[in-house]
Amino acid sequence: MGVIDELIANNVAFAGALPTRHLDLRPGRRLAIVTCMDSRLDVFAALQLRDGDAHILRNAGGVITDDVIRSLAVSQRRLGTREVMLIHHTDCGMQALTDDGFRAELQQATGVAPSFAIESFTDLDANVRQSILRVRRSPFLLHRDVVRGFVYDVDTHLLREITTTDEP
Ligand SMILES: [Zn+2]
């Protein structure tokens, strides 16, 4: 049995232990979180969030891509979120590759040069600041006054806030 079959069985047990309910489509805490796909960061547990509290957008590195801006635009303009929290983390896989190296690897393996940016990084704090600026400077978002960035330590489970000089 593959791991997905195991998860399907887990879901039946999970659903059976809960009452049926319908939460509001709009996140109750009016918050969107952009973070990495890293398997060690359980966003709900680490922040004590509950179902229905926040939108969680994840990709490799927690990068502010066009697609993340698309999701934030929907989140703010249709679903009522007002604050944006960015969470990067220690020991990120995106620090272990380079843009040029990974791009060449993909092209050599497939014959196709990727159309997307790789967005690797070396300086974690600088990368968080860059991400904050991308959100604050996006013309598509309604609410850019509360955009805060953090580094999550995957060993201690603690957040550390990263400040910028570019206040809104
Ligand atoms: Zn990561």
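Only a predicted model underlies this, so the values are computations on that prediction, with no experimental measurement involved.

### Side note on the overall build of the protein
Here comes step 1: Scanning the protein from terminus to terminus reveals 5 helices and 5 strands.
Here comes step 2: The secondary structure elements of the protein, listed N-terminal to C-terminal, are α-β-α-β-α-β-α-α-β-β.
Here comes step 3: Along the first, second and third principal axes, the C-alpha set of the protein runs to 50 × 50 × 35 Å.
Here comes step 4: Of all 168 residues assigned to the protein, the portion counted as buried reaches 35%.
Here comes step 5: For the protein, the share of sequence-separated contacts (at least 6 apart) that also reach a separation of at least 24 residues comes to 63%.
Here comes step 6: When the accessible surface of the protein is split by element, carbon and sulfur atoms take 53% of a total near 10,700 Å².

### With respect to the pattern of salt bridges
Here comes step 1: Following the criterion strictly, the structure yields 9 salt bridges and no others.
Here comes step 2: Between R40 and D38 there is a salt bridge, with its nearest N and O atoms 2.7 Å apart.
Here comes step 3: For the salt bridge of R134 with E119, the shortest nitrogen-to-oxygen distance reads 3.1 Å. Residue R134 is found in helix α5 (residues 124–136), and its partner E119 is found in the loop between α4 (99–110) and α5; the two are separated by 15 residues along the sequence.
Here comes step 4: For R134, a relative accessible area of 32% gives the class partly exposed.
Here comes step 5: If you follow the salt bridges from partner to partner, you end up with D38, R40 and D91 in one network.

### Points about the layout of surface pockets
Here comes step 1: Space inside the largest pocket adds up to approximately 210 Å³.
Here comes step 2: Looking at the lining of the largest pocket residue by residue, the class counts come to 8 nonpolar, 2 polar and 1 charged.

### Some thoughts on the nonpolar core
Buried together is how nonpolar side chains tend to be arranged in soluble globular proteins.
Here comes step 1: One finds V34, I64, L72, L86 and V135 to be the most contacted residues of the largest nonpolar core, which totals 23 residues.
Here comes step 2: Listed by contribution, the elements that provide at least two residues to this core are β1 (31–36), α3 (66–77), β3 (83–89), α5 and β4 (147–152).
Here comes step 3: When sequence neighbours within four positions are dropped, the list of residues in contact with V135 reads I64, L72, V84, L86, L141, R144 and V147.
Here comes step 4: Formed by 11 residues, the second largest nonpolar core is a distinct cluster that contains L41, A54, M85 and Y152.

About the criteria used
Residues numbered from 1 in each chain as written. Predicted model: local features only at pLDDT ≥ 70, side-chain atom pairs only at ≥ 80, totals over all residues. Heavy atoms only, no water. Helix = DSSP H or I, 4+ residues; strand = E, 2+ residues; numbered from the N terminus. Buried < 20%, exposed > 50% of the residue type's maximum accessible area, 1.4 Å probe, protein only. Contact = heavy atoms within 4.5 Å. Areas by Shrake-Rupley, 256 points an atom, 1.4 Å probe, with all protein chains shown as cover. Salt bridge = Lys/Arg side-chain N within 4 Å of Asp/Glu carboxyl O. 1 Å grid on protein atoms, 1.4 Å probe; cavity = no way out; pocket = protein on both sides within 12 Å on 5 of 7 lines; lining within 4 Å. Points joined across faces, edges and corners; volume = space filled by probe spheres on them. Nonpolar A, V, L, I, M, F, W, Y, C, P; charged D, E, K, R; others polar. Core = buried A, V, L, I, M, F, W, Y, C linked by side-chain atoms within 4.5 Å.

Purely geometric numbers; function is a separate question.
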